Amino acid sequence: MSVLKLDHVKKDFKLRDGLKTTTIHAVKDATFELPSDKTIALVGESGSGKSTIARMITCLETPTSGTITLDGEPVPTHGRKLYEYRHNVQMVFQDPFASLNPYHTIFHHIARPLMLNHLANSREEYEQKVIELLERVELTPATKFMYRRPHELSGGQRQRVAIARALAPQPKVLIADEPVSMLDVSLRLGVLNLLSRIQQEEHIGMLYITHDLATARHFSDEIMVMYHGDIVEHGPADDVILHPQQEYTKVLLAAAPDPEKHFAKVRAERARQ
Amino acid sequence: MSETNTATSAAKTVVPKRRHPIWDSVKRVLPERSPKLIVGLTIVGLMVLFAIVVPIFTKDPNKINDIGLSAPSAQHWLGTTQSGQDVFTQLGYSVRGSLTIGFSVGIIATAMSFIFGVLGTYIGGIWDDLFSLITNIMLVIPGLPLTIVIAALMPSKGTMMLVIVISITAWAGSARVLRAQTLSMRGRDYVLAAKIAGERPWRVITVEILPNLLPVIGSQFVFAVIMAILSESSLSFIGLGSTSSYSLGTMLFYAQNGSALNTGAWWWFLPPGLMIAIIGAGLSFINFSIDEVINPRLRKTSSKKNKGKKKR
């Protein structure tokens, strides 16, 4: 079992405006562990540093200080080792309309990660693997989708392709950056169930970044709440939702609409009339 | 009836054939077949044909005759120059010279704008700063005066020299356009996804970014060709062009020196002038049709086949 560890990770961005430089503390101090049998939800408002953490884990950004380790090995920042490391951590992006290259076929998107890791020997073998992956994300019949281009697919189908691409290099950690927020409401559950099933079957550690507390509770084992670059609360999902300790978590919970409360109020009013 | 029904439902479940990957990719970057494209390609095609065929079937354009400044006749289709050279023959060689210079500059200028516009921007950091600084400097220097100065300083006056001189001043504008496009593309999710998958930078540029830039690059290329033919004509007309070979500009230069305008020898100065205009128009038509790929709003009617392209 593998573990991704973040140890006092900090990220500052320097903004240059003429001679004046301002520093933005995107992530102040993040420490957590993501074992490969768990899903951790990362919630927080926009600009709280959720995506910066995702970008640091996927090596798109380098931490200003602190260390990120996978199975005790520090994550490389450049050079040949970085390319070798890449396949361990994969990411599903928020917008399925932007995350697939309009120029390339679905086959290209899924086969490239396979080819980069030399997971097959011939074109036929690659085709077979791509079909397997498409079937795993429930895009059937897979052969029908393989040589299509992204614009011929719906949002939900595209997101499934993106998930298949992320699974192709057999990662140890999967980061899902608001994977359903751009999808039609009726498709969200299906995609989330798929992600959760894959996480359990493949023993992938999943970091589920979201705004949505309800799905965070439903699909993850632990919840981390971020506020202004700090992880303010971290605990088992039910504890965080039912017994929030921090003021900010309470505010966040209160901000989510609760149909029960709403209808209780409506019923009370009706009774009064 | 029932038989046809089962036949169609069976046809639906049949696995579609793998499309031809290379031809399919090529087709996607080609502009839609519109009247503008056909007109443009026809004009440019005829010009290229003219430039290839005429010099084969005619004699030496420098050959001097004793029938100076004669009007068009059966023997000399476009008359003769002051020293009795055949204008039609000269025109063939000139179109060839101008097109050669135009396309050479187009290739060199496009390659330079790719290096300065795309590579620099993608690498980012100090290289981006440096490359865009150079681009901006080249952009604010007025092109024609700089070309004149460089051309006047150049030791030899051959076609190669002209190509280099014009290329130096022709790439900056399109580098700017490509830089803007690359900046927006560099941060797109599919580029990040390719990076996360472990693609090397050169592959991200050539396979993920370049195909989406091809329409822009194509249009910049065509524009550079037009630019080159026009600036070569201007340079040659003021006497800074190549002295050893023919181009439409040198023809106009000789016509001006031979006072064709004063003596009413229209057959001498009109054909090269018209040729410049026609080549320019043909290339512009091609450019318009490429523009329709880049900006679908310019398209009057869109066929069903290309609907998906709009989202780009």
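Conventions and cut-offs
Residues numbered from 1 in each chain as written. Chains lettered and ligands numbered in written order. Predicted model: local features only at pLDDT ≥ 70, side-chain atom pairs only at ≥ 80, totals over all residues. Heavy atoms only, no water. Helix = DSSP H or I, 4+ residues; strand = E, 2+ residues; numbered from the N terminus. Rg over C-alpha atoms; globule rule 2.2 N^0.38 Å. Buried < 20%, exposed > 50% of the residue type's maximum accessible area, 1.4 Å probe, protein only. Contact = heavy atoms within 4.5 Å. Areas by Shrake-Rupley, 256 points an atom, 1.4 Å probe, with all protein chains shown as cover. Lys, Arg positive; Asp, Glu negative; His and termini not counted. Charge placed at Lys NZ, Arg CZ, Asp CG, Glu CD. UniProt positions renumbered as here; feature names shortened; annotations may be inferred. Patch = residues over 30% accessible without salt bridge, like charges linked within 9 Å, V, L, I, M, F, W, Y side chains within 5 Å. Salt bridge = Lys/Arg side-chain N within 4 Å of Asp/Glu carboxyl O. Polar contact = N/O pair within 3.5 Å; in protein donor to acceptor, adjacent residues only side chain to side chain. Pairing = 2+ DSSP bridges. Core = buried A, V, L, I, M, F, W, Y, C linked by side-chain atoms within 4.5 Å. Buried area = accessible area lost by both parts, 1.4 Å probe. 1 Å grid on protein atoms, 1.4 Å probe; cavity = no way out; pocket = protein on both sides within 12 Å on 5 of 7 lines; lining within 4 Å. Points joined across faces, edges and corners; volume = space filled by probe spheres on them. Nonpolar A, V, L, I, M, F, W, Y, C, P; charged D, E, K, R; others polar. Expected span 1.5 Å × (residues − 1).

## Quick word on the overall build of chain A
Next up, step 1: Within chain A, the regular secondary structure consists of 11 helices and 10 strands.
Next up, step 2: Taking 273 residues into account, the globule formula puts the C-alpha radius of gyration at 19 Å, and chain A, at 20 Å, falls close to it.
Next up, step 3: Its C-alpha atoms give chain A principal-axis dimensions of about 70 × 55 × 45 Å.
Next up, step 4: Counting only residues that meet the buried cut, chain A has 50% of its 273 residues in that class.
Next up, step 5: In chain A, once contacts between residues fewer than 6 apart in sequence are set aside, the share between residues at least 24 apart is 67%.
Next up, step 6: Of the roughly 13300 Å² of accessible surface on chain A, a fraction of 50% belongs to carbon and sulfur atoms.
Next up, step 7: In chain A, 33 positive and 35 negative side-chain charges are present, and the distance between their average locations comes to 5 Å.

## Some words on the overall build of chain B
Next up, step 1: Within chain B, the regular secondary structure consists of 13 helices and 0 strands.
Next up, step 2: Each helix and strand of chain B, ordered N terminal to C terminal, gives the series α-α-α-α-α-α-α-α-α-α-α-α-α.
Next up, step 3: Sorting the 312 residues of chain B into buried and exposed places 46% on the buried side.
Next up, step 4: Within chain B, residue pairs in contact and separated by at least 24 positions form 71% of the contacts whose partners lie at least 6 positions apart.
Next up, step 5: Roughly 16200 Å² of accessible area belongs to chain B as shown, and the carbon and sulfur atoms make up 68% of that amount.

## Examining the UniProt feature "transmembrane region" (unreviewed entry) in chain B
Next up, step 1: The UniProt feature table records "transmembrane region" (unreviewed entry) at residues 37–57, 101–123, 130–154, 160–178, 209–230 and 267–290 of chain B.
Next up, step 2: Along residues 209–230 of chain B the backbone is 100% helical and 0% strand, and the end-to-end C-alpha distance reaches 31 Å.

## Focus: the environment of Ala162(A)
Residue and element names in this part refer to chain A.
Next up, step 1: Tracing the chain through its elements places alanine 162 in helix α6 (residues 155–167).
Next up, step 2: Since its relative accessible area comes to 1%, alanine 162 is described here as buried.
Next up, step 3: Expressed as a C-alpha distance, the spacing of alanine 162 and lysine 14, which sit 148 residues apart in the sequence, is 32 Å.
Next up, step 4: Ignoring anything within four residues of it in the chain, the contact list for alanine 162 reads Val92 and Ser99.

## Comments concerning a nonpolar patch on the surface
Next up, step 1: Taken together, Leu46(B), Val48(B), Leu49(B), Ile52(B), Val53(B), Ile56(B) and Phe57(B) make up a surface patch of nonpolar side chains, about 690 Å² in accessible area.
Next up, step 2: By the secondary structure assignment, Val53(B) is in helix α3 (residues 35–57).

## Observations concerning the side chain of Thr89(B)
All names here are of chain B.
Next up, step 1: For threonine 89, the position within the fold is in helix α4 (residues 87–123).
Next up, step 2: Taking the relative accessible area as the measure of exposure, threonine 89 reaches 5% and is therefore buried.
Next up, step 3: Of the polar contacts made by the side chain of threonine 89, one reaches the side chain of aspartate 86; its length is 2.5 Å.
Next up, step 4: In this structure threonine 89 touches Val54, Thr58, Lys59, Asp60 and Pro61, once residues within four positions along its chain are discounted.

## A few points about the pairing of strand β3 (residues 39–44) of chain A
Residues and elements named next belong to chain A.
Next up, step 1: Most of β3 sits inside the fold, with 6 of its 6 residues counted as buried.
Next up, step 2: Looking at chain direction, β3 and strand β8 (residues 205–210) are connected through 5 bridges and run parallel. Residue pairing for β8: leucine 42 is matched across the bridge by isoleucine 209.
Next up, step 3: Sheet topology note: the β3/strand β9 (residues 222–227) ladder contains 5 bridges and is parallel. Counted as the bridge partner of leucine 42 is methionine 224 from β9.

## Comments concerning the nonpolar core
Next up, step 1: The biggest cluster of nonpolar side chains holds 51 residues, and the ones touching the most others in it are Ile110(A), Val130(A), Leu134(A), Val137(A), Ile163(A) and Ile223(A).
Next up, step 2: Ranked by residue count, the leading element in this core is α6(A), at 6 residues.

## Considerations on the interface of chain A and chain B
Next up, step 1: With 31 residues of chain A at the interface, the matching set in chain B holds 27 residues.
Next up, step 2: By the criterion of area lost to chain B, the three top residues of chain A are Tyr83(A), Tyr103(A) and Arg149(A), representing 22% of everything that side buries.
Next up, step 3: On the surface where chain A and chain B come into contact, there are 1 salt bridge.
Next up, step 4: The partner of Arg112(A) in a salt bridge is Glu199(B), and the shortest N-O contact between them spans 2.9 Å.
Next up, step 5: Summed over the shared surface of chain A and chain B, the result is 8 residue pairs in polar contact (both at pLDDT 80 or more).
Next up, step 6: Looking at the side of chain A that touches chain B, the elements that each hand over two or more residues are α2 (79–86), β6 (89–92), α3 (106–116), α4 (123–136), α5 (142–146) and α6 of chain A.

## Comments concerning the UniProt feature "domain: ABC transporter" (unreviewed entry) in chain A
Next up, step 1: The UniProt record marks residues 4–253 of chain A with the feature "domain: ABC transporter" (unreviewed entry), using the residue numbering of this structure.
Next up, step 2: The annotated region residues 4–253 of chain A carries 39% helix and 29% strand content, and the separation between its end C-alpha atoms amounts to 28 Å.

## Examining the pairing of strand β1 (residues 3–17) of chain A
Residue and element names in this part refer to chain A.
Next up, step 1: By the bridge criterion, 12 bridges tie β1 to strand β2 (residues 20–35) in an arrangement that is antiparallel. Note that in β2 the partner of lysine 5 across the bridge is glutamate 33.
Next up, step 2: Here β1 hands over to β2 after 2 residues, with glycine 18 in that stretch at a positive phi of 70 degrees.

## A few points about empty space enclosed by the protein
Next up, step 1: Overall, the coordinates contain 3 cavities of 30 Å³ or more when judged by the stated rule.
Next up, step 2: If you add up the space inside the largest cavity, you get close to 90 Å³.
Next up, step 3: Together, Ser99(A), His108(A), His109(A), Arg112(A), Pro113(A), Arg165(A), Tyr190(B), Ala193(B), Ala194(B), Ala197(B), Glu199(B) and Glu208(B) line the largest cavity.
Next up, step 4: Take the lining of the largest cavity: its biggest share by element is 4 residues, from α3(A).
Next up, step 5: Partitioning the lining of the largest cavity into residue classes produces 5 nonpolar, 3 polar and 4 charged.

## Points about α6(A)
Next up, step 1: In this model, α6(A) (13 residues) spans 18 Å end to end at C-alpha, consistent with the 18 Å of a helix rising 1.5 Å per residue.
Next up, step 2: By the criterion of burial, α6(A) is predominantly enclosed, with 12 of the 13 residues buried.
Next up, step 3: Among all positions of α6(A), only Gly155(A), Gly156(A), Arg158(A), Gln159(A), Arg160(A), Val161(A), Ala162(A), Ile163(A), Ala164(A), Arg165(A), Ala166(A) and Leu167(A) are buried.
Next up, step 4: Elements that come into contact with the buried residues of α6(A) comprise β6, α3, α4, β7 (173–177) and α7 (185–202) of chain A together with α9 (189–196) of chain B.

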